[in-house]
Amino acid sequence: MAETIPLFPKLGNIVVQSGNIVNWNRLKRKPNNTPTEEICECISACLNKHLESADRNQLQYTTELFCENKEFKEKLPDDERDNLKITVKVILYNRENPEVINDAVDKALNELGVSFVETVILAIPDPNEDLTVEDFKPSWQILQKLVDEQKILSLGVSDLDKTKFEQLFTWASVKPIIDQVNLASCCVMPEDLREFAKQHDILLLTHNDPPDVLPLQQLQDTIRKSSTQKDGDFWQPSWISRYSVIVKCRGIIRTKGYVIDLIKDIKRRN
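This section reports on the structure supplied with the text. All of these numbers come straight from a predicted model, not from anything done at the bench. (Residues numbered from 1 in each chain as written. Predicted model: local features only at pLDDT ≥ 70, side-chain atom pairs only at ≥ 80, totals over all residues. Heavy atoms only, no water.)

With that settled, consider the overall build of the chain. For the chain, the count of helices and strands is nine helices and nine strands. For 270 residues, the compact-globule formula gives about 18 Å, and the C-alpha radius of gyration of the chain, at 19 Å, lands near that figure. In terms of overall dimensions, the chain has a C-alpha envelope of 60 × 45 × 35 Å along the principal axes. Looking at the 270 residues of the chain, the share that counts as buried comes to 50%. In the chain, of all internal contacts separated by at least 6 residues, the share reaching a separation of at least 24 is 73%. (Helix = DSSP H or I, 4+ residues; strand = E, 2+ residues; numbered from the N terminus. Rg over C-alpha atoms; globule rule 2.2 N^0.38 Å. Buried < 20%, exposed > 50% of the residue type's maximum accessible area, 1.4 Å probe, protein only. Contact = heavy atoms within 4.5 Å.)

Next up on the list: helix α6 (residues 162–171). Counting along an α-helix, one turn takes 3.6 residues, and residues three or four places apart therefore face a common direction. Taken together, the buried positions of α6 are occupied by Phe-165, Leu-168 and Phe-169. Down the axis of α6, the smallest arc covering the buried residues is 100°, so these residues share one side. Its buried side turned inward, α6 meets α5 (133–148), β5 (152–158), β6 (176–182) and α8 (191–200). For α6, the N-terminal cap is Asp-161; the gap from its side-chain oxygen to the backbone nitrogen of Thr-163 is 3.3 Å. (Arc of directions from axis to C-beta. Polar contact = N/O pair within 3.5 Å; in protein donor to acceptor, adjacent residues only side chain to side chain.)

Let us now look at the packing of helix α2 (residues 35–52) against helix α9 (residues 216–226). Across the interface, α2 lies against α9 with an axial gap of 9 Å and an inter-helix angle of 25°. Regarding the angle of α2 to α9, the classification is roughly parallel. Between α2 and α9 lies a crossing of right-handed hand. Across from Thr-36, Cys-40, Ile-43, Ser-44, Leu-47, Asn-48 and Leu-51 in α2, the residues of α9 making contact are Gln-218, Leu-219, Thr-222, Ile-223 and Ser-226. Here the residues of the contact of α2 with α9 sort into six nonpolar, six polar and no charged. (Axes fitted to C-alpha atoms, helices over the stretch in contact; angles between N-to-C directions. Parallel < 35°, antiparallel > 145°, perpendicular 65-115°, else oblique. Left-handed = near helix turned anticlockwise from the far one by under 90°. Nonpolar A, V, L, I, M, F, W, Y, C, P; charged D, E, K, R; others polar.)

A separate point is the sheet that holds β6. An order of β2-β1-β9-β8-β3-β4-β5-β6-β7 is seen for the nine strands of this open sheet, with the pairing classed as mixed. Two strands bound the open sheet, and with one partner strand each, they are β2 (64–68) and β7 (203–207). Taking the axes of each pair of neighbouring strands and ignoring which way they run, one obtains an average angle of 20° across the sheet. Sitting on the sheet, α5 touches β3 (84–92), β4 (117–123), β5 and β6, and the angle it makes with β5 is about 160°. (Pairing = 2+ DSSP bridges.)

Among the nine residues in β3, eight count as buried, and that is most of the element. One ladder, built from nine bridges, connects β3 with strand β8 (residues 235–247); its direction is antiparallel. Paired with Leu-92 across the bridge in β8 is Trp-239. Pairing of β3 with β4, which is carried by five bridges, proceeds in the parallel orientation. The residue of β4 that forms the bridge with Thr-87 is Thr-119. Taken together, β3, helix α4 (residues 100–112) and β4 form a β-α-β motif whose crossover is right-handed. (Right-handed = clockwise from strand over helix to strand, strands pointing away.)

Taken as a class, soluble globular proteins show a tendency for nonpolar side chains to be buried jointly. Val-120, Leu-143 and Ile-152 are the most contacted members of the largest nonpolar core, which totals 44 residues. When neighbours within four sequence positions are excluded, Ile-152 is seen to be in contact with Val-105, Val-117, Thr-119, Val-120, Leu-143, Leu-146 and Val-147. Membership of the second largest hydrophobic core comes to 31 residues, among which are Ile-39, Leu-59, Tyr-93 and Val-213. (Core = buried A, V, L, I, M, F, W, Y, C linked by side-chain atoms within 4.5 Å.)

This part takes up the pattern of salt bridges. Counting across every chain of the model gives 14 salt bridges. For the salt bridge of Glu-68 with Lys-73, the shortest nitrogen-to-oxygen distance reads 2.7 Å. Note that Arg-224 and Asp-221 form a salt bridge whose closest N and O atoms lie 3.0 Å from each other. Of this pair, Arg-224 and Asp-221 both sit in helix α9, three residues apart, roughly one helical turn. What makes Arg-224 buried here is its relative accessible area of 14%. Through salt bridges with shared partners, a single ionic network connects Glu-74, Glu-80 and Arg-254. (Salt bridge = Lys/Arg side-chain N within 4 Å of Asp/Glu carboxyl O.)

Attention shifts here to the packing of aromatic side chains. In total, this model carries four aromatic pairs according to the counting rule given. Seen in terms of ring centroids, Phe-165 and Phe-196 are 6.0 Å apart; in terms of plane orientation they differ by 80°. Their pairing is edge-to-face. With Phe-165 in helix α6 and Phe-196 in helix α8, this pair connects stretches of sequence that are 31 residues apart. In this structure, Phe-165 and Phe-196 share a single accessibility class: buried. Phe-196 gets classed as buried once you look at its relative accessible area, which sits at 6%. (Phe/Tyr/Trp six-rings, centres within 6.5 Å; stacked < 30°, edge-to-face > 60°.)

Bringing the packing of α4 against α5 into the picture now. In contact at an axis separation of 9 Å, α4 and α5 are set at 45° when each is read in the N-to-C sense. Considering the angle they form, α4 stands oblique to α5. As α4 packs across α5, the resulting crossing turns out to be right-handed. Contacts between α4 and α5 involve Ile-101, Asn-102 and Val-105 from the former and Ser-139, Ile-142, Leu-143 and Leu-146 from the latter. Within the contact of α4 with α5, the residues separate by chemical class into five nonpolar, two polar and no charged.

Dropping the structure here:
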């Protein structure tokens, strides 16, 4: 936009709910989107749609925005639930506050209109590859409570090598049964991880998410394109929940979508 005056100068939180992107024509025309491009497209579309009908005067005082794509929101019918398998991948950026995982899971449940999901996979972006299992433990404790509450049936992790996965597996009371591996970074599934998985009945899956699926520059540029230059400053992801619903008997994706929580770095705000 051409405006130089910020649209939402007091805004500190944006929640994006994409709805079922399987039915998005705009994404069907871009079948080769990377995960990052897909996420940015969801943010852009939902934010634009919200701003189209928003009161510009009210926006000046708004501190939170809830951008929901109502056109594509689909509650799963109760009579189909037994035939569906739901997986949620929670990409946690806000490691300092692991309690936000509760919100990440609850919002995905609410978006789909269900009381539980079969699997939650935890991913903690680690571009510098310096995370230890200790960094995972606070978040895992939250997820274990959600398993106890029967909101989640099983847990998995993303991009843990054999040593770290074994450490988590040994420590956890609810054992991870899935490890997602990015084959772009290792090309071939590591033999030691394959052997450990075989011994403990662990499912090894692959994925194509980059180490940082929502880089700050791309996120901030996406917000700027929908608002003004200044409105895009200092935004960062708190967490991303990507959910997929598979029809068990057919193995096809019925529903896929995102819930994205974005926060402004308060310490750097003017």
